[in-house]
Amino acid sequence: MNSMTQEEPKNIEPTANLASQAVDLSPPETPDAPPRQATEQSEVRHAETPTSDHLLGLNTMVEIDDLSFSYDMGKTNTLKNISLNIPEKQVTAFIGPSGCGKSTLIRCLNRMNDLVETSCITNGEIRIMGQHIHAKSVSPIELRKQVGMVFQKYNPFPKSIYDNVAYGLRIQGIKKKNLLDEAVEKSLRGAALWDEVKDRLKDSALGLSGGQQQRLCIARTIAVQPKVILMDEPCSALDPIATAKVEELIMELRRDFTIVIVTHSMQQASRISDHTAFFYLGELIEYGKTDMIFSNPNQKQTEDYISGRFG
Amino acid sequence: MKKKKPKNNPFYSGSGFRILGIGKQEAIKYFFGGNATVAIIVMALIIGFLIYHSANFFPQYRSSLELYRKSGQEFVDYADEQLTAQKELKSLSTQARAYEIKERLGALYDVASVHSDFKAQVLAEISSERKNYKRVKSRLDNLKSSESPSADDLEEAEDDYQTARESLRDAAQIAVNNLDYSDLSDSLWATDNKYLDQIRNSIVENLLTGEKTNFLKEIETEEKKMTEQVDSLEFIQNLVQANQKFSQPIPAFERYVSSISKVASQNKAQAVNFVTAKARKEALEAKLAISSNEEEKERTRLEIKRILGTEPDYAKLNEPIYSSLDDYRKVAEDAMGNNKEAFALVPDVDEFQSKIARRKIDHISEIEETIDDLITTKREQMESWDHSVAYPITQAITGFFFGTKWITNSSWQDIYGILPLLTGSVAVAIIAVLIAIPFSVGGAIYVNRLATPAEQHIIKPFIEFIGAIPSIVLAFFGVVGLGTIIQEYSQSPWLSWIPGFPVEGRLTILNAGLLLALMSVPTIFTLCEDALNNVPKAYKEASLALGATKLQTVTKVILPSCASGIIAAVLLGFGRIIGETMVVLLVMGGRIAIPKSVTDPAHSMTGILAQEIGEVDEGSLHWGALFMVGLVLFVIALTLNYISQRILKKFTQHG
């Protein structure tokens, strides 16, 4: 944690930073740390892909640097040499057909893929706030407190609404009732749910409607005050009205949080995101400002996908 | 009749293979439906069978108890209960003194026992030397006692005798030196190293001379001296006096009880004769009705006439019992007076060094609190006793469910009270579940949530394998191994804080409970794991994504959301244990009495069924009683199962 807060991520030069990381934090023998050579190669690729123009003037929150990822101990790569920077306090959407790796990538960002025994990073690295997140000194527990996640299927715990929101704080050891009350109200207001549930905080969360449950999950996530919120198709199980509410909420949240959203709906991506990355078969095809991607894509594949010719 | 394809039906399916109008799909449906129905029918038959055989029990039991009242046995038992309490006081005070002496004498107390035990072991080792020695010795004696022994022969025999004696001594010395305190056949004997060499030497000496050695004599005098010393302690003297006071009224009381019980026995014999006569008569009349042979008919008629049909005059028969009340008052007063003095003399618990003696003294003070009440209530019952009051069936029913005695095949009166069996079964099941819960639930949580796949592959089959051990094998281990282990380790002073320790016997509730815990671990473990598996994976992900550790996730999210599943698992484990037979039958000691602590022996409902069902007459009272026990057991198991199903159902609805 200390190292994260010390290094403020402002216009970091990837090479210099990486070098210092390699010396300070990650011992060279760890499989997570990429070999030096690979990084050099990726820099060459960086120059070719037109990804960084639209990020000028924005602070970078997440840097993904030539990342390759495998679910089967490196036999086949699910993600192939992905490099992109995610700007702070913006909404970044990942789009692409099923199986293109966008969900995998988002789950790399808070190391949820650690739960899969045979998964491994085969190349490259991810830095959040300048910190290489797969370094040995990084605790996934602390990482996940900073990088929250909202899942495809809303999954509130079978507890009361109040307990759901307070859960993240309680596990951090906060027990004072007034602190919890305050945080719960703030989070529920932040998730635009307060007015609907303020009279029944002690009721089971499972009694809420689908859209309410998903917003409760968002409230639960923002209660621990993360820097980044990852959303893995948050509206795919919701009806259009609930979706509209969640989208509205996301637009609100972008003021305080960096949001990364995976979505199948291109309309949704165009409505709510500032930046859009298009993935296909584990590769990043194109990354740019959302209106650029949707109006004037550089790549033919992107255009085909957006216009509905495949996918 | 063959169906034709309807012209306008494009969706017609050919009828295909049919027997009696039943198609293949329907046949399969009926087959499985039939199987399910058979299961239900069998279940219903079992319930019906249990109820059918036990239905007659209560009326039968009631009439048996009515005879018990009419013949005056009830009255006798009122008196007998007081006598039993009195006898227990006597025996407890005797035991307390004995245990205290054993404790204070320490190793000295058991030297004689150790000596004879070692000697027996040495004798087995050196049997051939001993035979030789005896042979040589008898030859020498013969020679000596003969009229004119030749000097040569005598000398030769003398030599032989000396060699045999030497070899016997050597062999005995070697054998005895090989023995150690760890070879003792009873590990509960107190030992002291300072006696070991003396005991060894004494055994050799004793083997050669065949006489009691000086060492043993010394030990005996010392033991006597020490015992006298202990006896001269003031509190022991008080205890001895109390013991005498407790014993004093017993002979008169015994004489009184035996005099009235003789009367009651005779009354009972007459009553039984009358009751069976009635039944016999009915049987003969039935025979008469179906018989066709004239001669046989005549004989049967005569037989019927010979059977005495008049009811005995119970009022007259019970006269001696009613008139004995004065005698009773005398002995009871005597007992109460003596007891009062005796209780004042019983020393304080803290005076005793032996833990078992303390327990006995505690028991005496327990009885002290209740015995006066016992005597007064019994006296009232005896004074208001009336043989002619009908025995209500409700009393027979409550007598069965709340009776504290289970007495069968008695020449006096069979009494069927389920309480000692029920408490035994429930106590052992509770102990087993309490021991099993941490292992099985903890194991399930560990294997399901925290362990690596490699650990899972080792632990799971092992736990499930426990379920494959035949219960008789476990019971055998309990009798031979675990019982001794518990008994030995319970003697060590650093465990004496546990209630009931040190354990007096090998076969106890605790022993059986430990084995049953082992047996129930696989059941609870598997069901718990199922419950854990039923928790949606999303809960785990959500919790981890909020920065919770694996442990926090398990305790704060997973466990609460499957708590009902775990409770159901534990209840089912409980049901499994209550129905278990072999272990409780063999390991629990089979004493039919309500256990006072977990280290007491006890009996169980399943145990009593297994033990007694083979040796009762079908349709008898005892038979009905056993089926009643079976029914109670069945109801308990059914209830547990039902409750756990309900809990599970609730769980799946909300999960």
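Everything below is about the structure printed above this text.
These numbers come from a predicted model, not from an experiment. (Residues numbered from 1 in each chain as written. Chains lettered and ligands numbered in written order. Predicted model: local features only at pLDDT ≥ 70, side-chain atom pairs only at ≥ 80, totals over all residues. Heavy atoms only, no water.)

## Here's the deal with empty space enclosed by the protein
All names here are of chain B.
Link 1 in the chain: Using the criterion set out here, one finds four cavities of 30 Å³ or more in the structure.
Link 2 in the chain: Taken together, Arg449, Lys540, Leu544, Lys550, Thr553, Val554 and Ile558 make up the lining of the largest cavity.
Link 3 in the chain: A per-class count over the lining of the largest cavity returns three nonpolar, one polar and three charged. (1 Å grid on protein atoms, 1.4 Å probe; cavity = no way out; pocket = protein on both sides within 12 Å on 5 of 7 lines; lining within 4 Å. Points joined across faces, edges and corners; volume = space filled by probe spheres on them. Nonpolar A, V, L, I, M, F, W, Y, C, P; charged D, E, K, R; others polar.)

## Considering the packing of aromatic side chains
Link 1 in the chain: Summed over all chains, the structure comprises 24 aromatic pairs over all chains.
Link 2 in the chain: Relative to Tyr71 of chain A, the ring of Phe69 of chain A has its centre 5.0 Å away and its plane inclined at 85 degrees; by these criteria the two rings are edge-to-face.
Link 3 in the chain: Classification of Phe69 of chain A by relative accessible area gives buried; the value is 2%.
Link 4 in the chain: Given a relative accessible area of 28%, Tyr71 of chain A falls into the partly exposed group.
Link 5 in the chain: Considering the side-chain rings of Phe57 of chain B and Phe58 of chain B, the 5.1 Å spacing of their centres and the 55 degrees angle between planes classify their relative orientation as tilted. (Phe/Tyr/Trp six-rings, centres within 6.5 Å; stacked < 30°, edge-to-face > 60°. Buried < 20%, exposed > 50% of the residue type's maximum accessible area, 1.4 Å probe, protein only.)

## Focus: the pairing of strand 7 (residues 228-232) of chain A
Residues and elements named next belong to chain A.
Link 1 in the chain: For strand 7, the buried fraction is high: five of the five residues fall into the buried class.
Link 2 in the chain: Burial along strand 7 is two-sided: the face carrying Val228, Leu230 and Asp232 and the face carrying Ile229 and Met231 are both buried.
Link 3 in the chain: Alignment of strand 6 (residues 147-150) against strand 7, held across four bridges, turns out to be parallel. Each residue of the ladder has a partner; that of Val150, found in strand 7, is Met231.
Link 4 in the chain: In the classification by handedness, the crossover that spans strand 7, the intervening helix 10 (residues 240-253) and the parallel strand 8 (residues 258-262) is right-handed. (Helix = DSSP H or I, 4+ residues; strand = E, 2+ residues; numbered from the N terminus. Pairing = 2+ DSSP bridges. Right-handed = clockwise from strand over helix to strand, strands pointing away.)

## Things to note about the side chain of Glu74 of chain B
Link 1 in the chain: As for its position among the elements, Glu74 of chain B is in helix 3 (residues 73-105).
Link 2 in the chain: Excluding anything up to four places from it in sequence, Glu74 of chain B contacts Tyr68, Arg69, Trp385 and Tyr391 of chain B. (Contact = heavy atoms within 4.5 Å.)

## Comments concerning the interface of chain B and chain A
Where the parts come together, the accessible area they lose is often given as the size of the interface.
Link 1 in the chain: Counting residues at the interface gives 18 residues for chain B and 23 residues for chain A.
Link 2 in the chain: Regarding the contact of chain B and chain A, the summed buried area is about 1,800 Å², with carbon and sulfur atoms giving 68% of it.
Link 3 in the chain: Per-residue buried area on chain B facing chain A is highest for Glu541, Ala545 and Leu546 of chain B; these three make up 35% of the total on that side.
Link 4 in the chain: Counting the contacts that link chain B with chain A gives one salt bridge. (Buried area = accessible area lost by both parts, 1.4 Å probe. Salt bridge = Lys/Arg side-chain N within 4 Å of Asp/Glu carboxyl O.)

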